[in-house]
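Residues per chain are reported as follows:
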Amino acid sequence: MKKTLLGVSLLSAAVLAACGSDSESSGSSSGEETETLAVGATSVPHAEILEFAEDQLAEENVELEIETFNDYIVPNESLASEEIDANYFQHIPYLEDQMEENDNFNFVNMGGIHIEPIGVYSQEYDSLDALPDGAEIIMSNSVADHGRILQMLEQEGVLTLEEGAGVEATVDDIAENPKNLQFQADIEAATLPQVYNNGEGDAVFINSNYAIDADLNPQEDAIALESPEDNPYVNVIAAREEDENNETIQTLVDVLQSDETQEFIEEEYDGAVIPAEQE
């Protein structure tokens, strides 16, 4: 009987040891527990950049769960309701604008990753100078983008804004409009490529993420492209205020700002998406 009990004990110990081995192998090689991070992103380029970073994050014991969105509204709502831990789709002025408009959007900018120069596209004209008198300019209903579009038109010499209008400029801040440009600004950003393909308007401003997703090449197809120099429209990782010091989210930012990821952005998007300068 003693021999039988000893055999059972040894067998039990072997099973437990095997279970312990399986548990360790499912974790990291360093033995540290893996943290899961749910991040919301628009598909191009944000989700693609996150997918590239997955291996680097795994080395840092972070398992990434990417939730893809196709608009600019739901990602912040999901972050506020704690359905995701962070999001990656918006530039700084848009983030600030959304927090001003929504009392429950208590977010922080965890770090800048890239810039997407906005482009202007036209089926009929090959430059902004060629636009006719009274040309119709179509832009998204995202107020945060109106200032950047108007500033771009001013830099290109098409119009002049009131002094000090800055990134918050609206069409009401136009001081001189020699071409009598007409602005339509009630279009969802995601539908702008279709508006362009339909030949609507004389010129359409399209965010680079939606342009790329629609097989447009900003460098080749845009008749004018926003300058990345001193550009405040840096796309960032946003998180809830209480997670400002969250080490896992900061690890995500560090990986996205790494040389490896930044080189991927440069090579993959060939100037349509540009790594943000790091301080």
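Just so it is clear, the structure is predicted and the values come from calculations on it, not from any experiment. (Residues numbered from 1 in each chain as written. Predicted model: local features only at pLDDT ≥ 70, side-chain atom pairs only at ≥ 80, totals over all residues. Heavy atoms only, no water.)

Observations regarding the overall build of the chain
Each helix and strand counted, the chain has 10 helices and 13 strands in total. Counting all 279 residues of the chain, 46% fall into the buried class. Sequence-distant contacts, at least 24 apart, represent 75% of the contacts inside the chain between residues at least 6 apart. Split by element, the accessible area of the chain, about 14,400 Å² in all, is 41% carbon and sulfur. (Helix = DSSP H or I, 4+ residues; strand = E, 2+ residues; numbered from the N terminus. Buried < 20%, exposed > 50% of the residue type's maximum accessible area, 1.4 Å probe, protein only. Contact = heavy atoms within 4.5 Å. Areas by Shrake-Rupley, 256 points an atom, 1.4 Å probe, with all protein chains shown as cover.)

Side note on the nonpolar core
Among the nonpolar cores identified, the biggest contains 27 residues, and L50, Y88, I237, L252 and L256 are the most heavily contacted of them. Where this core is concerned, the elements lending two or more residues are β1 (35–42), α2 (43–59), β2 (62–69), β3 (86–91), β4 (107–115), β12 (234–240), α9 (247–256) and α10 (259–269). Of all hydrophobic cores here, the second largest spans 23 residues; its members include Y125, L128, I137 and M152. (Core = buried A, V, L, I, M, F, W, Y, C linked by side-chain atoms within 4.5 Å.)

Observations regarding the sheet that holds strand β13 (residues 274–275)
Taken together, the six strands give an open sheet; going across it, the order is β2-β1-β3-β12-β4-β13, and neighbouring strands pair in mixed fashion. Edge positions in the open sheet fall to β2 and β13, since each of these has one partner strand only. Bridging between β4 and β12 involves seven bridges; their strand directions are antiparallel. When the bridges of β12 are listed, N109 appears paired with A238. (Pairing = 2+ DSSP bridges.)

Looking at the environment of D145
Mapped onto the elements of the fold, D145 is located in helix α5 (residues 143–155). Judged by its relative accessible area of 2%, D145 falls in the buried class. Expressed as a C-alpha distance, the spacing of D145 and H91, which sit 54 residues apart in the sequence, is 9.6 Å. Sequence-distant contacts of D145, defined by excluding residues within four places in its chain, comprise H91, S140 and N207.

Observations concerning the pairing of β3
Counting buried positions along β3 gives six out of six residues, so the element sits mostly inside the fold. Pairing of β3 with β12 involves four bridges; the strand directions are antiparallel. If you follow Y88 over to β12, its bridge partner there is I237.

Some remarks on the pattern of salt bridges
One pass over the structure, following the stated rule, counts four salt bridges. Among the ionic pairs, D243 bridges to R240, the shortest N-O distance being 3.6 Å. When sorted by exposure, D243 lands in the same class as R240, which is buried. Members of the salt-bridge network, linked through shared partners, are D145, R148 and E226. (Salt bridge = Lys/Arg side-chain N within 4 Å of Asp/Glu carboxyl O.)

Quick word on the pairing of strand β10 (residues 203–206)
Successive residues of a regular strand alternate their side chains across the two faces of the sheet. Residues A203 and F205 point to one face of β10 and V204 and I206 to the other, with burial holding for every one of them. Taken together, the three bridges between strand β5 (residues 119–121) and β10 define a ladder with antiparallel strand orientation. Among the inter-strand pairings, Y121 is bridged to a residue of β10, identified as V204.

Quick look at the sheet that holds strand β11 (residues 224–225)
Sheet architecture is open: five strands sit in the order β9-β6-β10-β5-β11, paired in mixed fashion. With partners counted over all chains shown, the strands left at the sheet margins are β9 (182–187) and β11, one partner each. Set on the sheet, α5 makes contact with β5, β6 (136–140), β9, β10 and β11; between it and β6 the angle comes to about 145 degrees. (Axes fitted to C-alpha atoms, helices over the stretch in contact; angles between N-to-C directions.)

Brief notes about unusual backbone geometry
Cis geometry marks the peptide bond from V44 to P45; its omega dihedral reads -5 degrees. Relative to the helices and strands, P45 is located in helix α2. Located in the positive-phi region is D270, a residue other than glycine, with phi close to 50 degrees. Looking at where D270 falls in the secondary structure, it is placed in the loop between α10 and β13.

Here's the deal with α10
Residue pairs three or four apart in sequence face the same way in an α-helix, which turns once every 3.6 residues. Of all the positions in α10, only T261, Q262, F264, I265 and Y269 are classed as buried. Burial along α10 is one-sided: seen end-on, the buried residues are contained in an arc of 155 degrees. Turned more than 90 degrees from where α10 packs its buried face, D259 and E267 sit exposed. Along its buried surface, α10 packs onto α2, β4, α7 (208–213), α9 and β13. Two residues or fewer after α10 comes D270, characterised by a positive phi angle close to 50 degrees. (Arc of directions from axis to C-beta.)

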